[in-house]
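In case you want the letters, here they are:
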Amino acid sequence: MAEVKDKISKVSSAGIADEEFMERESGTLRLDDGRIRAVKEYLPPEQLYEDLISRVRKYHPSDDISLIEKAYKTAFDAHKDQVRKSGEPYIIHPLCVAIALADLEMDKETIAAGILHDVVEDTIMTDEDLAREFGDDVASLVDGVTKLSKLQFNGDRLEMQAENLRKMFLAMARDIRVILIKLADRLHNMRTLSHMPPEKQQYIARETMDIYAPIANRLGISKVKVELDDLSLKYLYPDVYEDLVNKIALRKTDREQYITDIVNEVTRHIENAGIKADIDGRIKHFYSIYKKMKNQGKTLDQIYDLFAVRIIVSDVKDCYAALGVIHDMYKPIPGRFKDYIAMPKSNMYQSLHTTLIGPTGQPFEIQIRTHEMHRTAEYGIAAHWKYKEASSGGHHDVGEEEKLSWLRQILEWQRDMTDNREFMNILKFDLSLYSEHVYCFTPSGDVKNLPAGSTPIDFAYSVHSAVGNKMIGARVNGRLVNIDYVINNGDQVEIITSANSKGPSRDWLNIVKSSAARSKINQWFKNENKEENITRGKDAFNAYCKARNVDPATILERKYTDNILQKYSFRDWDSVYAAIGHGGLKEGQVVNRMLELYEADHKRETTDEEIIASINENAAKTPAKVKGSGIMVHGVHDVSVRFSKCCSPLPGDEIVGYVTRGRGVSIHRTDCINVINMPEEDRNRIIEAEWQEGAETETGEKYTGDLNIYAKNRNGLLADVTRAFTDSGINITAMNTRVSKQDIATLCMSFDISSREDMMRITEKLRTIPGVIDIERAPA
């Protein structure tokens, strides 16, 4: 044990993450060059538990560890017959999660919940058992982390993922410790991911990179964020990862000597200036280097600022004094100085950053901060938690509430968003957006922190909903600007309002950058037109029922409506109609779900006589099979069928037909925007249609598929996208690209494809391309 801990201190002094001990416990080990490999041996649970207790005792003022001990014994018994994919006892995993939480100096209730976090999901223990044995606080934390494994989502992995994340965010709002346990859980799962099948590795690594690493970043927990990024890179792009670590290892000695020389020289000058400081140097982590190479289109040899020197001082005054000393020693690179002390990041991060030219002409970065700022940079929100007692529960003070404002924003728009695919797309986009910020000022000098690319509309809604709703114009730095003006760092923004304003325009939804502003605009339209939306939604619901030959009264039973209210978190049925009316929910989703429930309750055995009668009847009334289309149209014969370009339906999509005037039947997806917004007088022209069985394979027909791909612009992006199509054997028929002022590339692709399943496969392949932010099926 002492040997392993000695290694930890040596690795830490070289600037590599202080995680070797945990990695060895979990079945992995980080080598000197930073590579991570699997090891067969693992420490027995008793030794892991002893180490956990020793870590807790180092920071916790209380000697009473009875709660943790009881949790360990309970989890040990509950998991005693279970093993992980690696073959190790399952109890190793919750103990390693608890050790990660102890490294964040969490309270005893959180440590206990970390040990127990899988007992409800994977054993016979229930929430009631936990609450009785450990109290409501621990039981609530475990419930917040427990996945929704008992719910069914028709095998749709994205639906399950979205519902799990919705539950997690709601639990976070009640108690932020939930996400800290979840991050520790994901960290250990990523460390032991080598034992999973390759497909599962890719899925978990992608989810980690898209969701969990950005959340760790938003909470300011850099030590967790850095390792999640590196491990995700390792499994998503193994060849790139190995090549990178091997190349960095080749010149390891030269780089370490360079860092040592810089640190020694900086230390000498700082001491001569009479400033007391801790100084160390490190190579930036692998994912950071990889991202820099991809974004700048450079090789490793062309990336110069691989090094960072950190100066930690006692107070803010010494931060700026040290900066003066450094700028006197080395030549700073213009435009590369950032003062995050005066203007902290939204995740609480504070530091001075400056990039300089070293003595050999090699650029390097220096970060200057106080000890408290350093602790916040490493542990984020956890740095402000420390070891709260049970009596404090999950409550945090006003300061922490302000720092979690982004979580409140997510909760606001997730309540208004019932489509899980839209929820996932916006969540990923929102998390990726906040990696870059713009800092601007109100007329009174208050700082506003907005996502890069924000407009005066985003600024107005960040001040207050009422300001945004009454906005009629804006001045930036004293000059009138358009509402789509892109705010720059340092701009002073003044919003012009009017009591006579009729409210926001729907066009604003295409202009705003922040999800908070988008949510507040949508909320205004919902509230302003609620009665009208209810009427419109009810009409759409009834019209869809009519198109499906369903009597609304049969499915509007209490138990079916209650299921919808629970699934989409609505208070009453009028709210469902209102959501359909303003476009937040599709009537097809609701009716089809209620039909499924109704049909499950009304199954009956069909008699032989009925079967024979049905065969005789259908011999004359078989739905029209339109040759070459793979479509069966009900109630219409000898008619031409064409696929609408507005939604490009594919085999596997739920479809309806629309009887056009003189051009046969056009086939639409049921969620097509033109079907949803169809005038009432035209809805009687909707007829049932379905795909022939085996339409995607037997007919050999190719259909037009359309995708919009949103990505950070970089060299080689287009080549990577087209290569993905070529490797999948898909023929591209049309392509249009454009780049926004924020350097976000939009690629509109049209191509030949056989089915919805093929569309999902190419979409997943495209998501693995570096820099891709979001992908969506494209309307015309």
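Cut-offs and rules
Residues numbered from 1 in each chain as written. Predicted model: local features only at pLDDT ≥ 70, side-chain atom pairs only at ≥ 80, totals over all residues. Heavy atoms only, no water. Helix = DSSP H or I, 4+ residues; strand = E, 2+ residues; numbered from the N terminus. Buried < 20%, exposed > 50% of the residue type's maximum accessible area, 1.4 Å probe, protein only. Contact = heavy atoms within 4.5 Å. Areas by Shrake-Rupley, 256 points an atom, 1.4 Å probe, with all protein chains shown as cover. Salt bridge = Lys/Arg side-chain N within 4 Å of Asp/Glu carboxyl O. Pairing = 2+ DSSP bridges. Axes fitted to C-alpha atoms, helices over the stretch in contact; angles between N-to-C directions. Phe/Tyr/Trp six-rings, centres within 6.5 Å; stacked < 30°, edge-to-face > 60°. Expected span 1.5 Å × (residues − 1). Arc of directions from axis to C-beta. Polar contact = N/O pair within 3.5 Å; in protein donor to acceptor, adjacent residues only side chain to side chain.

**What about the overall build of the protein chain?**
What the protein chain contains, in helices and strands, is 34 helices and 23 strands. Among the 780 residues that make up the protein chain, the fraction classed as buried is 51%. Restricting the contact set of the protein chain to residue pairs at least 6 apart, pairs at least 24 apart contribute 66%. If you sum the accessible surface of the protein chain, you get close to 36700 Å²; carbon and sulfur atoms cover 48% of it.

**Structural notes on the pattern of salt bridges**
Using the criterion set out here, one finds 25 salt bridges in the structure. A salt bridge links Asp51 to Arg55; its shortest N-O distance comes to 2.6 Å. One end of the pair is Asp51 and the other is Arg55, both in helix α3 (residues 45-59) and 4 residues apart, which spans about a single turn. We classify Arg55 as buried; its relative accessible area is 13%. Between Asp243 and Lys247 there is a salt bridge, and its shortest N-O distance comes to 3.2 Å. Pair noted here: Asp243 and Lys247 are both in helix α14 (residues 238-250), with a separation of 4 residues, about one helical turn. Owing to a relative accessible area of 39%, Asp243 belongs among the partly exposed residues under this scheme.

**Remarks on unusual backbone geometry**
A positive phi angle, near 55°, is found at Asn477, a position not held by glycine. Mapping Asn477 onto the fold places it in the loop between β11 (471-476) and β12 (479-481). Residue classification places Asn477 among the partly exposed residues on the basis of a relative accessible area of 49%. Positive phi values are uncommon outside glycine, yet Asn549 reaches one of about 55°. Tracing the backbone through its elements, the reader meets Asn549 in the loop between α25 (530-547) and α26 (552-555). With a relative accessible area of 64%, Asn549 lands in the exposed category.

**Notes on the environment of Gly297**
Here Gly297 shows up in the loop between α16 (286-296) and β4 (307-313). Given the relative accessible area of 44%, Gly297 is considered partly exposed.

**Structural notes on the sheet that holds strand β22 (residues 744-753)**
Read across the sheet, 4 strands follow the order β21-β22-β20-β23 without closing on themselves; strand pairing throughout is antiparallel. Edge positions in the sheet fall to β21 (732-739) and β23 (772-777), since each has one partner strand and no second. On average, each strand axis in the sheet is tilted by 15° relative to the strand beside it, whichever way the strands run. Where helix α33 (residues 717-727) meets the sheet, it contacts β20 (703-712), β21 and β22, and its direction lies at approximately 20° from that of β22.

**Some words on the packing of aromatic side chains**
Tallying each qualifying case throughout the model produces 12 aromatic pairs. Measuring from ring centre to ring centre gives 5.2 Å for Tyr330 and Phe364, while their planes differ by 90°; the resulting arrangement is edge-to-face. Of this pair, Tyr330 sits in the loop between α17 (316-329) and β5 (331-332) while Phe364 is found in strand β8 (residues 363-370), placing the two residues 34 residues apart along the sequence. Each member of the pair Tyr330 and Phe364 is classed as buried. Pairing Phe541 with Tyr577 gives two aromatic rings, centres 5.8 Å apart and planes at 75°, and the pair type is edge-to-face. With a gap of 36 residues between them, Phe541 in helix α25 and Tyr577 in helix α28 (residues 573-581) connect regions that are remote in the sequence.

**Considerations on α3**
Along its 15 residues, α3 runs 22 Å from first to last C-alpha, staying within 8% of the 21 Å computed at 1.5 Å per residue. Along α3, the residues that are buried comprise Pro45, Leu48, Tyr49, Asp51, Leu52, Ile53, Arg55, Val56 and Tyr59.

**Comments concerning α33**
Within the span of α33, buried status applies to Leu717, Asp720, Val721, Ala724 and Phe725. Viewed along the axis of α33, the buried residues span an arc of 140°, placing them on a single side of the element. Residues of α33 that are exposed and point more than 90 degrees away from the buried face comprise Thr726 and Asp727. The inward-facing, buried residues of α33 contact α16, β20, β21, β22 and α34 (756-767). Just beyond α33, the residue with positive phi is Gly729, at close to 70°.

**Structural notes on the environment of Ser740**
Checked against the element boundaries, Ser740 lands in the loop between β21 and β22. When the C-alpha positions of Ser740 and Lys712 are compared, they lie 9.8 Å apart, and in sequence the two are 28 residues distant.

**Here we look at the side chain of Asn533**
Structurally, Asn533 is set in helix α25. What makes Asn533 buried here is its relative accessible area of 2%. Among the polar contacts listed, one links the side chain of Asn533 to the side chain of Arg536, at a separation of 2.9 Å.

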